[in-house]
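So the chains spell out like this:
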Amino acid sequence: MPEGTMNLTRVLAVLPSPADLRSMTRAPRRDLMCGLTVAVVALPLALGFGVTSGLGAAAGLTTAVVAGALAALCGGSARQVSGPTGAMTVVLVPIVHHYGAAGVLTVGLMAGVLLVLLALARAGAAMVYVPAPVIAGFTIGIACVIALQQVPAALGVPAPGGEQVAVVAARAAQEFGRAPHWPALLLALGSAALVSAGARWRPTVPFSLAAVAVATVVAEVLRLPVPRIGALPSSLPAPSLAFLDLSRVPSLLAPAAAVAALAALESLLSASVADGMRPGERHDPSKELFGQGVANLAAPLFGGVPATGAIARTAVNVRTGAASRLAALTHAVILAGIAAVAAPLVGRVPLAALAGVLLATAVRMVERGAVRAMARATRGDALVLVLTAGATLALDLVRAVLIGLGVSVLLALRAAVRGTRLTPAAADELPGEAGTVTYRFDGPLVFAGAHRFRRGLADLQEGVSAVDLRLSGLTAVDATGALALKEAVDELRGRGVAVRISEVDRDHRRVLESCGVLTAAGPSTDRGVLPSAASATAP
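Residues numbered from 1 in each chain as written. Predicted model: local features only at pLDDT ≥ 70, side-chain atom pairs only at ≥ 80, totals over all residues. Heavy atoms only, no water.

Visitor: Tell me about the overall build of the chain, residues and numbers included.
Guide: Tallying secondary structure elements over the chain gives 23 helices and eight strands in all. In terms of overall dimensions, the chain has a C-alpha envelope of 100 × 60 × 50 Å along the principal axes. When the accessible surface of the chain is summed, it comes to about 24,200 Å², and 64% of that surface belongs to carbon and sulfur atoms. (Helix = DSSP H or I, 4+ residues; strand = E, 2+ residues; numbered from the N terminus. Areas by Shrake-Rupley, 256 points an atom, 1.4 Å probe, with all protein chains shown as cover.)

Visitor: A description of the sheet that holds strand E4 (residues 436-445) should follow, citing residues and the corresponding values.
Guide: Ordered by their spatial adjacency, four strands build an open sheet running E3-E4-E5-E6, and the pairing between neighbours is mixed. The sheet is open, and its two edges are formed by strand E3 (421-424) and strand E6 (498-502), each paired on a single side. Recorded for the sheet is a direction-independent mean angle of 25 degrees between the axes of neighbouring strands. In this structure, E3 lies alongside E4, joined through four bridges in antiparallel fashion. By the bridge assignment for E4, Arg421 is matched with Asp442. (Pairing = 2+ DSSP bridges. Axes fitted to C-alpha atoms, helices over the stretch in contact; angles between N-to-C directions.)

Visitor: Break down the packing of aromatic side chains for me, with residues and values.
Guide: Aromatic ring pairs are defined here through the distance separating the ring centres and the angle between the ring planes. Enumeration according to the criterion identifies two aromatic pairs in this entry. Seen in terms of ring centroids, Phe176 and Trp182 are 5.3 Å apart; in terms of plane orientation they differ by 85 degrees. Their pairing is edge-to-face. Assessed through its relative accessible area of 11%, Phe176 is described here as buried. Ring geometry for Trp201 and Phe207: centres 6.1 Å apart, planes at 50 degrees, overall tilted. Take Trp201: its relative accessible area is 56%, and that puts it in the exposed class. Residue Phe207 is classed as buried on the basis of its relative accessible area, which comes to 14%. (Phe/Tyr/Trp six-rings, centres within 6.5 Å; stacked < 30°, edge-to-face > 60°. Buried < 20%, exposed > 50% of the residue type's maximum accessible area, 1.4 Å probe, protein only.)

Okay, structure coming up:
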């Protein structure tokens, strides 16, 4: 296929199809009701995450409207709900600290470009290679960071400066200790308790909005001196490049890459969760990345923060029976309507109430049963989980995932090396030649275990004149492993021991020949060369 045609095919593959749009007509009444429910759940979360990000409640609400609508139309999951999330605020707080609001919005736009490029490169398929302990540790770390971020608002004190959330929370606690502000703390604890109890009693009922409404009424009736959200615009601002700081694009490349990586990871994870809740449904990862890219390209132009797929809101959408992307689109439209009609009322919501809702949300993010199962599975799984969670809390989300992936790879290599076997062949397989030893090799021959293999093959007893090495059990080989085999063969030949290599898969033979292994070993036995997996199935 010509390169131009291939590129056009990739572009068309990620664009919304007529079938995607027609699916919104399957059950419109049900989708409209689901969208209303999700909007009720999303409103306090959007406001709270906007405040936590450092750009304010209006930015969070704008993100939920703009990004939520575009991701619903262009994404690859029919039931995904997108908007501001707690995981994203963890990355945004230090960016706000260093570059200000304009820097964050510029980062969001750049992340949108990167997500579109990832979609065209079909990078979404890589999500299947992220181990479960990494995802679990990542989620635990996010939950801890979100909870710590709420401490200043829950205590009713101004948020101290700093990037490390644990340090900021400790300073806020010290400030509270010097001058306790009990109304804010009681509102936060009451809101958290109502959301937690309601989630156990009726999981499908949006108790988060009820908690915020009750806290607002109590604060108004009792005239409590607690910080409020403040004035909100009644409509979205006109899109403008004035929100951005394009002069700092080069210095923002690294933060933009971190935001794009997180948006991709969290969105694909959320879409996978939606698939699991509705058997038979499968999202298109490339389309999902494209939808998130379009959403993040547009949201900053309206003053919105970077967005991702939101696991909690997506789960509510699926549980309430959403049939198509119309539900997520409806949720965005309703949020825009709330901003237009009830902006003054929403502005009276106490920040402590939002903090309580987010505290309860952080606790509910962690699936304790799954975490306990992984922690008990193997020591390696437990180590990866703890390291990823700790790195999320101490460093940042992207580095935490990289650390978790790195440790997982090392543990997998260790397990693979331990699974390799160089064993004498069974008695009925021995060739019957005096002084000849026959070995079978099973497992991968790669760099991690090459030294161990070489030492095992070269360590022969006296009196052996020939070695027959059968490689039918070889599952993988790289240059390091092949060179280790060649060195072992050369060493044996130097001692006067003949070496024959047999039962080589065609795919592995190419590597062995390129490294001179088969030449060093001499001709193969009459068992010949095994066909590769591909050729073995050919007619």
